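Overview (structure and organization)
Here's the letter readout for the chains.
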Amino acid sequence: MMPKGENGLFGLGTKNIGIDLGTANTLVYVEGKGIVLREPSVVAKETHTGEITAVGTEARDMIGRTPVNLTAIRPMKDGVIADYDTTAAMLKYFIQKALGGNSHPYVMVCVPSGVTEVEKRAVIDAAKVAGAKEAYVIEEPYAAAIGAGLPVMDPTGSMVVDIGGGTTDVATISLGGIVSSRSIRMAGDKIDEAIITYVRQKFSLLIGERTAEDIKIAIGSASVEEAKDIEGTSIRGRNLLTGLPETVDIEAVDVAKAINEIVQEIITAIKETLEETSPEIAADVIDHGIVLTGGGALLKGIDGVISDATKVPVFIAQDPLDCVATGTGESLKNIEAMKKK
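As named in an unreviewed UniProt entry, the protein chain is Cell shape-determining protein MreB, taken from Lacticaseibacillus thailandensis DSM 22698 = JCM 13996.

Dropping the structure here:
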């Protein structure tokens, strides 16, 4: 049992934190303050020495623009750690920026629901190397449900779909636990990749991740029908035939068709999760609907497309980008229960 101090949950003066360690972005929730930091999960390093020169927003702005002696990388891939040392350094930077000084907080970090014990241990170890006094993990859809305000401890079924950058996590939850779940590596990054591939094939134009994300945000739609009412946009890139910069116009309908396969994979994961649930929980989900969280919840028409496919009401959570971080931080209040999971 950890000591419970007057000025902190587990120790005097300790500010404990929850971290949404995402493939695309990292959010930090500080006990008593809420979300205090949100930055891209990007690190810029010296190519030869490996020395870290920038983290977060500053590093992201370097993507595609670094000289030969620098490289900007994303140490998280598909929701799990791809580069351990860089992830630990990134976490250390974020913890110090959020708390300042030589703080050694108790840390709760979210992980996708499908990760292995080895991958969980890697996250815990990285947090400790980054300065955490002790670290624990919580599954993303459960954290998202808490952050979305769902009654996770009640004897009623809830369903949450967290569409992040690296993974889409789907889960039904009841009585403080996950009843059934799916985690697929089809999410925001795959949508960006589909847009890059489409532009390359259609226009022989090479665009980067940042441009693809801008297209997704501006005119991306999960519904081909709804996309017909969205005005297209101009994009810039490098023509693969001439090697010269070029500007082309792209239609929203074409983007919707390009990303349709990823949308259908997400719908399949939702259906499979529903199929595994008991009739009682399925009935609860029909009554209360499916709640969408994560950046993917902001994709135009995603709620309607999922609702049409599942015949279940679908709602977008308030502040969907913050739900996982908020739920991760809120779970610190029930740390003893979380330790047993």
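Describing the environment of Asp154
By the secondary structure assignment, Asp154 is in the loop between helix H4 (140-147) and strand E11 (158-163). Ignoring any residue separated from it by four or fewer positions in sequence, one finds Asp154 in contact with Ser174 and Leu175.

Focus on the sheet that holds strand E17 (residues 290-293)
Overall, mixed pairing links the 5 strands, which are arranged E13-E12-E11-E17-E18 in an open sheet. Either end of the sheet is taken by a strand with one partner, and the two such strands are strand E13 (177-184) and strand E18 (314-316). Across the sheet, the mean angle from the axis of one strand to that of its neighbour is 20°, orientation sign disregarded. By the bridge criterion, 7 bridges tie strand E12 (residues 168-174) to E13 in an arrangement that is antiparallel. Across the sheet, residue Ser174 finds its bridge partner in E13, namely Gly177. Against the sheet, H4 engages E11, E12, E13 and E17, with an angle of about 65° to E12.

Describing the nonpolar core
Within the largest apolar cluster, 47 residues are counted, with the highest numbers of intra-cluster contacts made by Ile195, Val199, Ile270 and Ile290. Viewed by domain, this core spans two of them, domain 2 (150-185 + 263-320) and domain 3 (188-258), each represented by three or more residues. If sequence neighbours within four positions are ignored, Ile195 has contacts with Ile207, Ala212, Ile215, Lys216, Val255 and Ile259. Membership of the second largest hydrophobic core comes to 29 residues, among which are Phe94, Val111, Ala130 and Ala135.

Notes on unusual backbone geometry
Of note in this structure, Ser204 is not a glycine but carries a positive phi near 55°. In this structure, Ser204 sits in the loop between helix H5 (188-203) and strand E14 (205-206). Look at Asp319: it is not a glycine, yet its phi comes out positive at around 50°. Mapped onto the elements of the fold, Asp319 is located in the loop between E18 and helix H12 (323-330). Of the residues examined, Asp319 reaches a relative accessible area of 48% and is grouped as partly exposed.

Observations regarding the packing of aromatic side chains
Following the criterion strictly, the structure yields 2 aromatic pairs and no others. Ring geometry for Tyr93 versus Phe94: centroids 5.6 Å apart, planes at 65°, classification edge-to-face. On the basis of relative accessible area, Phe94 is assigned to the buried category, the value being 0%.

Some words on the pattern of salt bridges
By the definition in use, this model includes 18 salt bridges. The salt bridge involving Glu117 is made with Lys120; its shortest N-O contact spans 3.7 Å. Here Lys120 and Glu117 lie together in helix H3 (residues 117-129), a separation of 3 residues that amounts to about one turn. Looking at Glu117, the relative accessible area reads 59%, which means it is exposed. When the shortest N-O distance is used, the salt bridge between Arg185 and Glu119 registers 4.0 Å. Taken together, the residues span a long stretch of sequence, with Arg185 in the loop between E13 and H5 and Glu119 in helix H3 at a distance of 66 residues.

Digging into the state of the cysteines
Within the structure shown, the criterion is met by 0 disulfides. Looking at Cys110, it has no disulfide partner, and the nearest cysteine sulfur is the one in Cys323, 12 Å off. By relative accessible area, which is 1% here, Cys323 ends up buried.

Overview of the environment of Pro105
Position of Pro105 among the secondary structure elements: in the loop between helix H2 (84-99) and strand E9 (106-111). Each C-alpha atom, one on Pro105 and one on Ser307, is 41 Å from the other, the two residues being 202 residues apart in sequence.

Some thoughts on the sheet that holds strand E4 (residues 43-46)
If you walk across this open sheet you meet the 3 strands as E5-E4-E6, and the pairing is antiparallel. A strand with exactly one partner marks an edge of an open sheet, and here the two such strands are strand E5 (52-55) and strand E6 (70-73). Adjacent strand axes in the sheet meet at a mean angle of 20°, parallel and antiparallel pairs treated alike. Both E4 and E5 contribute to a ladder of 3 bridges, which runs antiparallel. Residue Ala44 lies in a different strand from E5, and its bridge partner there is Ala54. Seen against the sheet, H2 touches E4, E5 and E6 and runs at an angle of roughly 55° to E5.

Parameters at a glance
- The residue numbers shown here count from 1 along each chain, following its written sequence.
- Only residues with pLDDT of 70 or above have their local features reported here, since the model is predicted, and side-chain atom pairs are shown and tallied only from 80 upward, although totals for entire chains, interfaces and linings are computed over all residues.
- Only hydrogens and water are set aside when side-chain values are computed; all heavy atoms of the structure are taken into account.
- Strands here mean DSSP runs of E at least two residues long; helices mean DSSP runs of H or I at least four residues long; both are numbered from the N terminus.
- Throughout, a contact is declared for two residues whenever any of their heavy atoms are within 4.5 Å.
- Here, any two strands with at least 2 DSSP bridges between them count as paired.
- For helices, the fitted axis covers only the stretch in contact; all axes are lines through C-alpha atoms, and the angles between them, taken along N-to-C directions, range from 0 to 180 degrees.
- Only buried Ala, Val, Leu, Ile, Met, Phe, Trp, Tyr and Cys residues count toward a nonpolar core, and they belong to the same one when joined by side-chain atoms within 4.5 Å.
- Residue exposure (1.4 Å probe, protein chains only): buried if accessible area is under 20% of the type maximum, exposed if over 50%, otherwise partly exposed.
- Domain ranges listed in this record stem from an automatic or a database domain assignment.
- Here is the rule: rings of Phe, Tyr and Trp (six-membered ring for Trp) pair when centre to centre is within 6.5 Å. Planes less than 30 degrees apart are stacked, more than 60 are edge-to-face, and the remainder are tilted.
- Each reported salt bridge corresponds to a side-chain nitrogen of Lys or Arg within 4 Å of a carboxyl oxygen of Asp or Glu.
- A pair of sulfur atoms, both from cysteines and within 2.5 Å, is called a disulfide here.

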